[in-house]
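One letter stands for each residue in the lines below.
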Amino acid sequence: MSRIIVAYWTQSGSTQAMAEAVGEGIARAGKEADVRFVTEVSAQELKGAACFALGCPAMGAEVLEETEMEPFVAEAEGFAAGKTIALFGSYGWGDGQWMRDWVDRMSAAGAVVLNGEGVICQYAPDENGLEECRRLGEQLAASAG
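Residues numbered from 1 in each chain as written. Predicted model: local features only at pLDDT ≥ 70, side-chain atom pairs only at ≥ 80, totals over all residues. Heavy atoms only, no water.

**So, the layout of surface pockets**
- Size it by volume and the largest pocket reaches roughly 150 Å³.
- Every residue lining the largest pocket is counted, 13 residues in all, and those nearest its centre are Gln11, Ser12, Pro57, Ala58 and Ser90.
- Among the secondary structure elements, those contributing two or more residues to the lining of the largest pocket are helix 1 (14-28) and strand 4 (84-91).
- Taken together, the residues of the lining of the largest pocket sort by class into six nonpolar, seven polar and no charged. (1 Å grid on protein atoms, 1.4 Å probe; cavity = no way out; pocket = protein on both sides within 12 Å on 5 of 7 lines; lining within 4 Å. Points joined across faces, edges and corners; volume = space filled by probe spheres on them. Helix = DSSP H or I, 4+ residues; strand = E, 2+ residues; numbered from the N terminus. Nonpolar A, V, L, I, M, F, W, Y, C, P; charged D, E, K, R; others polar.)

**Side note on the packing of aromatic side chains**
- What the rule picks out here adds up to three aromatic pairs.
- Their ring planes at 85° and their centres at 5.7 Å tell us that Tyr8 and Phe37 sit as a pair that is edge-to-face. Of this pair, Tyr8 sits in strand 1 (residues 3-8) while Phe37 sits in strand 2 (residues 32-37), and the two are 29 residues apart along the sequence.
- Using a relative accessible area of 7% as the deciding quantity, one classes Tyr8 as buried.
- Relative to Phe37, the ring of Trp9 lies with its centre 6.4 Å away and its plane at 45°, an arrangement referred to as tilted. A residue pair is termed long-range when its members are at least 10 positions apart, and Trp9 in the loop between strand 1 and helix 1 and Phe37 in strand 2 qualify at 28 residues. No difference in accessibility class separates Trp9 from Phe37, as the two residues are buried.
- An aromatic cluster is present here, built from Tyr8, Trp9 and Phe37 joined pairwise through their rings. (Phe/Tyr/Trp six-rings, centres within 6.5 Å; stacked < 30°, edge-to-face > 60°. Buried < 20%, exposed > 50% of the residue type's maximum accessible area, 1.4 Å probe, protein only.)

**Details of the packing of helix 3 (residues 69-77) against helix 4 (residues 97-108)**
- In the contact formed by helix 3 and helix 4, the axes pass within 9 Å of each other and the chain directions differ by 30°. Our classification of the angle between helix 3 and helix 4 gives roughly parallel. Here helix 3 runs over helix 4; the crossing is right-handed. Two secondary-structure elements touch here, helix 3 through Met69, Glu70, Val73, Ala74 and Glu77 and helix 4 through Trp102, Arg105 and Met106.
- Of the residues contributing to the contact of helix 3 with helix 4, the split by class is five nonpolar, no polar and three charged. (Axes fitted to C-alpha atoms, helices over the stretch in contact; angles between N-to-C directions. Parallel < 35°, antiparallel > 145°, perpendicular 65-115°, else oblique. Left-handed = near helix turned anticlockwise from the far one by under 90°. Contact = heavy atoms within 4.5 Å.)

**Thoughts on helix 1**
- Its 15 residues place the ends of helix 1 21 Å apart at the C-alpha level, agreeing with the 21 Å of an ideal helix rising 1.5 Å per residue.
- Every buried residue belonging to helix 1 is among Ser14, Thr15, Met18, Ala19, Ala21, Val22, Gly23, Gly25 and Ile26, and all of these are buried.
- Looking at the packing, one finds that the buried side of helix 1 touches strand 1, strand 2, strand 3 (51-55), strand 4, strand 6 (119-122) and helix 5 (127-143). (Expected span 1.5 Å × (residues − 1).)

**Here we look at the pattern of salt bridges**
- The tally for this structure, following the rule as stated, stands at 11 salt bridges.
- Of the charged contacts in the structure, one is a salt bridge between Glu138 and Arg28, with a shortest N-O distance of 2.9 Å. Pair noted here: Glu138 is in helix 5 and Arg28 is in helix 1, with a separation of 110 residues, a long-range link.
- A relative accessible area of 28% means that Glu138 is categorised as partly exposed.
- As a salt-bridge pair, Arg36 and Asp34 come within 2.9 Å of each other at their nearest N and O atoms.
- Taken together, the shared-partner salt bridges connect Glu24, Arg28, Glu127, Glu131, Arg134 and Glu138 into one network. (Salt bridge = Lys/Arg side-chain N within 4 Å of Asp/Glu carboxyl O.)

Shown next as structure tokens:
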């Protein structure tokens with residue numbers, strides 16, 4: 001069974017709920033989901049993976065969390081070329097600019113961002129948002145072959 005890593009950062013638990021839903025979608029598609037907080041994942045683990053998911057809420061002026069997630073994403077940019085990546089996160093203000101910037105950044109690094117965009121939910125995801133995350137997980141699993 002293929003194991004797909006879902007690495008996330010959360011402050012309020014909203015992005016964690018999204019990560020768990022992505023993991024449910026991966027499992028629903030017959031693959032093994034490995035859902036972990038970003039500090040529990042090494043970039044080396046992702047290097048050999050064909051696909052993975054990253055989740056982070058919008059912080060400050062619509063940026064990634066700066067002390068743990070940002071350094072991890074910066075490292076992942078170095079080996080993202082040719083990988084399929086699912087991006088997701090929650091936000092409380094703004095219009096999702098942090099996600100558009102993140103998608104552009106990973107695309108510029110050579111990654112294929114699933115669906116060409118990330119999945120975002122305002123505040124805590126409702127059932128529709130969680131189902132969107134499950135579908136994202138299914139799509140990511142399908143991309144793993």
